[in-house]
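Here is what each chain is made of, one letter per residue.
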Amino acid sequence: MMAALDGIRVLDLSRILAGPWATQMLGDFGAEIIKVERPGEGDDTRRWGPPFVDGPDSPSAYFLTANRNKRSVAVDFTSAEGQQIIRDLAAKSDVLVENYKVGGLAKYGLDYDSLAALNPRLVYCSITGFGQDGPYAQRLGYDFLIQGMSGLMSVTGAADGGPAKAGVALADIITGLYAGNAILAALQHRERTGRGQRIDVALLDCMLAAMANQSLNVLVSGRDPKRLGNGHPSIVPYDTFAVGDGHINLAVGNDRQFQRLCAVLGVDDLGSDERFATNRARVANRVELTGLLTTRLMTRAGAEWLEALEAADVPAGPINSLSAAFADPQVVHRGMALTMPHAGVGTVPGVANPVKFSLSPNVDSQAPPDLGADTGSVLADLLGLDADAIAALKGAGVVA
């Protein structure tokens with residue numbers, strides 16, 4: 001069966017995480033991804049370790065995270081010859097993704113206006129920290145800074161502790177997902193109009209949008225939310241609770257679930273207590289209810305409670321390590337851990353794309369490429385260069 005994006009070619013000038021995350025998703029869906037990297041250096045994340053698969057000269061786990069199903073072309077586009085190669089590739093591509101500083105590609109003639117003149121159907125996606133305009137447009141944007149500036153760190157962490165970031169580069173990941181969605185929308189628009197367009201995606205914008213109910217809580221109430229640890233500002237009990245041998249999570253979303261929880265815990269009277277009978281009341285009496293539930297939950301081990309709560313259809317779950325999560329029977333069944341062949345080290349691991357299509361399955365995962373592994377084949381296949389021309393470019397340091 002044909003993959004969803006068969007026939008779409010993406011020229012990927014992005015590095016690190018947000019852009020590569022977007023293009024990896026497109027590659028999983030069948031698009032041809034040509035990753036352009038600096039000769040001799042490549043994407044910074046190639047060196048971001050440990051851990052490495054097999055020593056510091058092998059792929060880093062970080063690079064493996066976001067670069068499967070791509071072809072690597074090493075081109076120095078600070079040179080006139082390299083710029084012409086990128087222009088020629090852009091003329092034959094459907095999408096270009098870049099995350100250079102605002103205006104950074106214009107001096108090489110690789111900005112949207114220049115490339116759209118060559119290829120009016122090109123969808124050109126620019127990813128930056130703060131967008132293409134505004135007082136911060138020229139600033140460098142990093143995930144950690146954006147987590148702070150967006151308000152995420154103000155609501156993350158213990159109630160009596162300091163601000164904390166998420167345990168992964170959440171702003172980069174979310175921005176990559178927004179960028180991927182925007183590219184697909186622009187391709188659909190092109191189908192109707194025949195025209196490509198410029199897409200402007202900013203980490204700060206995306207993180208504010210992804211703050212979801214917390215952002216709207218501020219806009220509705222005018223009051224900043226506070227850190228609640230693992231608690232929820234609008235739902236109780238929706239938190240981490242101590243049990244006899246550790247902790248579990250409860251995610252009780254409505255009054256019926258709360259009554260079933262009380263029945264499982266043997267505290268049925270709390271389900272009808274006016275202090276706790278409705279979610280609004282439970283939010284108002286959060287501290288008292290949490291104490292009462294914890295006292296009861298501490299009397300048995302987590303596994304016992306989870307079995308009983310699942311039988312009663314009360315949302316609850318363990319707090320897994322990542323290794324435990326990958327060993328979970330549901331995760332194993334869904335095939336979320338990959339093993340991909342790699343020419344240099346035999347095999348490398350990966351995490352599968354989580355989207356399952358019924359009619360257009362994702363492509364078989366190919367390991368992230370070595371730097372410049374596909375330079376020769378791309379220049380020959382797409383630009384028609386012969387072996388002598390490619391050798392001359394390599395000799396001049398234009399490509400590698």
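Everything below is about the structure printed above this text.
Residues numbered from 1 in each chain as written. Predicted model: local features only at pLDDT ≥ 70, side-chain atom pairs only at ≥ 80, totals over all residues. Heavy atoms only, no water.

(A) View of the nonpolar core. By size, the foremost hydrophobic cluster in this structure holds 33 residues, and its most contacted members are Val10, Val95, Cys125, Ile127 and Ile183. Contributing elements (two or more residues each) for this core: helix 1 (18-28), strand 4 (95-98), strand 5 (123-128), helix 6 (170-193), strand 6 (198-202) and helix 7 (203-210). The dominant element in this core, judged by the number of residues it contributes, is helix 6, at six residues. Non-local contacts of Ile183, meaning those with residues more than four positions away in its chain, are made with Leu26, Val95, Val97, Cys125 and Ile199. Ranked by size, the runner-up nonpolar core spans 29 residues in total, among them Ala116, Tyr124, Ile390 and Leu393. (Core = buried A, V, L, I, M, F, W, Y, C linked by side-chain atoms within 4.5 Å. Buried < 20%, exposed > 50% of the residue type's maximum accessible area, 1.4 Å probe, protein only. Helix = DSSP H or I, 4+ residues; strand = E, 2+ residues; numbered from the N terminus. Contact = heavy atoms within 4.5 Å.)

(B) Structural detail: the packing of helix 9 (residues 255-265) against helix 12 (residues 286-297). Contact geometry for helix 9 and helix 12: axes closest at 10 Å, N-to-C directions at 40°. Between helix 9 and helix 12 lies a crossing of left-handed hand. On helix 12, the residues touching Phe258, Leu261 and Leu265 of helix 9 are Leu289, Leu293, Arg296 and Leu297. Here the contact of helix 9 with helix 12 is composed, by residue class, of six nonpolar, no polar and one charged. (Axes fitted to C-alpha atoms, helices over the stretch in contact; angles between N-to-C directions. Left-handed = near helix turned anticlockwise from the far one by under 90°. Nonpolar A, V, L, I, M, F, W, Y, C, P; charged D, E, K, R; others polar.)

(C) Main features of helix 1. Burial analysis of helix 1 places 10 of its 11 residues in the buried class, which makes it a mostly covered element. A positive backbone phi angle near 110° is found at Gly30, which sits one or two residues after helix 1.

(D) Quick peek at the layout of surface pockets. In this structure, the largest pocket occupies an estimated 970 Å³ of space. What lines the largest pocket is a set of 30 residues, and nearest its centre among them are Trp21, Thr65, Phe326, Gly350 and Val351. Of all elements in the fold, only helix 1, helix 2 (61-65), helix 6, helix 14 (322-327) and strand 11 (346-351) reach the threshold of two or more residues within the lining of the largest pocket. Split by residue class, the lining of the largest pocket holds 24 nonpolar, four polar and two charged. By volume, the second largest pocket amounts to about 560 Å³. What lines the second largest pocket is a set of 25 residues, and nearest its centre among them are Arg15, Ile16, Asn99, Gly141 and Tyr142. Grouping the constituent residues of the lining of the second largest pocket by class yields 14 nonpolar, four polar and seven charged. (1 Å grid on protein atoms, 1.4 Å probe; cavity = no way out; pocket = protein on both sides within 12 Å on 5 of 7 lines; lining within 4 Å. Points joined across faces, edges and corners; volume = space filled by probe spheres on them.)

Geometric descriptors of this kind do not, in isolation, establish any biological role.
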